[in-house]
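A look at the structure
What follows is each chain in one-letter form.
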Amino acid sequence: MKSREELVRENSDLRRRLKECGKQAARQKEVERALRKSEQRYRAVVEDQTELICRHRPDSAFTFANEAYCQAYGKSLDELLGKSFFPFLFPKTRRIVKKLFRAMTPDHPDTFHIEEVLLDDGEMHWQQWSNHGIFDKRGRMIESQSGVRDSTELKKSEEDVKGSERKVQRQMGRAARR
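Residues numbered from 1 in each chain as written. Predicted model: local features only at pLDDT ≥ 70, side-chain atom pairs only at ≥ 80, totals over all residues. Heavy atoms only, no water.

What links the strands of a sheet is backbone hydrogen bonding, and the strands pair in either a parallel or an antiparallel sense. The strand order across the open sheet built from five strands is β2-β1-β5-β4-β3, with neighbouring strands paired in antiparallel fashion. A single partner strand is all that each edge strand has here, and the edge strands are β2 (62-65) and β3 (110-118). When the angles between neighbouring strand axes are averaged without regard to direction, this sheet yields 25 degrees. Examined bridge by bridge, β3 and strand β4 (residues 124-135) share nine bridges and lie antiparallel to one another. Residue pairing in the sheet places V117 in a bridge with H125 of β4. Contacting β1 (52-56), β3, β4 and β5 (141-150), helix α4 (residues 91-103) crosses the sheet at an angle of about 165 degrees to β3. Seen against the sheet, helix α5 (residues 152-177) touches β4 and β5 and runs at an angle of roughly 125 degrees to β4. (Pairing = 2+ DSSP bridges. Helix = DSSP H or I, 4+ residues; strand = E, 2+ residues; numbered from the N terminus. Axes fitted to C-alpha atoms, helices over the stretch in contact; angles between N-to-C directions. Contact = heavy atoms within 4.5 Å.)

Inspection of the entire model under this criterion finds eight salt bridges. The shortest N-O distance in the salt bridge between R17 and D13 comes to 2.8 Å. Of the two residues, R17 and D13 both sit in helix α1 (residues 4-48), four residues apart, roughly one turn of that helix. Overall, the relative accessible area of 45% leaves R17 in the partly exposed class. Across the salt bridge formed by D59 and R57, the nearest N and O atoms sit 3.1 Å from each other. Residue D59 is classed as partly exposed on the basis of its relative accessible area, which comes to 48%. Here the residues in one salt-bridge network are D13, R16, R17 and E20, joined through shared partners. (Salt bridge = Lys/Arg side-chain N within 4 Å of Asp/Glu carboxyl O. Buried < 20%, exposed > 50% of the residue type's maximum accessible area, 1.4 Å probe, protein only.)

This next bit is on empty space enclosed by the protein. Applying the stated rule across the entire model yields one cavity of 30 Å³ or more. The computed volume of the largest cavity comes to approximately 40 Å³. Along the walls of the largest cavity sit H56, F85, L89, V97, F101, H113, E115, W129, N131 and S146, which together make up its complete lining. For the lining of the largest cavity, the secondary structure elements donating two or more residues are α4, β3 and β4. Here the residues of the lining of the largest cavity are counted per class, giving five nonpolar, four polar and one charged. (1 Å grid on protein atoms, 1.4 Å probe; cavity = no way out; pocket = protein on both sides within 12 Å on 5 of 7 lines; lining within 4 Å. Points joined across faces, edges and corners; volume = space filled by probe spheres on them. Nonpolar A, V, L, I, M, F, W, Y, C, P; charged D, E, K, R; others polar.)

Structure representation (C-alpha cells):
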C-alpha cells in the first residue's frame, strides 16, 4: 500500500500532466484552425484564378482541375477526375506532350509548350502550357501540375505581323523591279 505522501505526489503529478495535455490539445486545435484557414486561402487563390490549373498522374489521369479549367472544357471536376487528358488533345499534340512529359526529370522538372485546342465554346484556341513534374525520392514522377494561359490573341497578333511583313516585302519587291 502506498503512503499518503506517495498518493499526494502521484495526484499532483497526474494533475500536472493533465494540465499539460490540456495545453497541448489547445495548441493542436489552434494549429488545426490555422491550417484550415491557410487551406481556405489557398483554395480561394487556386479557384479564383483565371489561369487554367490542373494536376494529373503519369498515366495522364486528372487528380485536380480548378473551376476555370472545368469551365473552359465544359466539364465538371467529377467528370475529369481519374480520366485522361489525352482525348482533349489533337493526335499530333499528344505525341509532343508525351515526349515532353517523358523528358521531365527531378533535375529538369519543367516543360513548356504551346498547343492549339478546341474548347467548349466551339472555337479554336492557342494555349501556353507550363508543366511541372513532381517526383518521389527515387526520382519517379508521381504527379504533374500544369498552368495554362490562353494565348489566342497573341498568336493572332503574331500572324497579323507576319502577314504585314510579307505584304511589305512584296511591295518592296515590286518597287525594286520598277
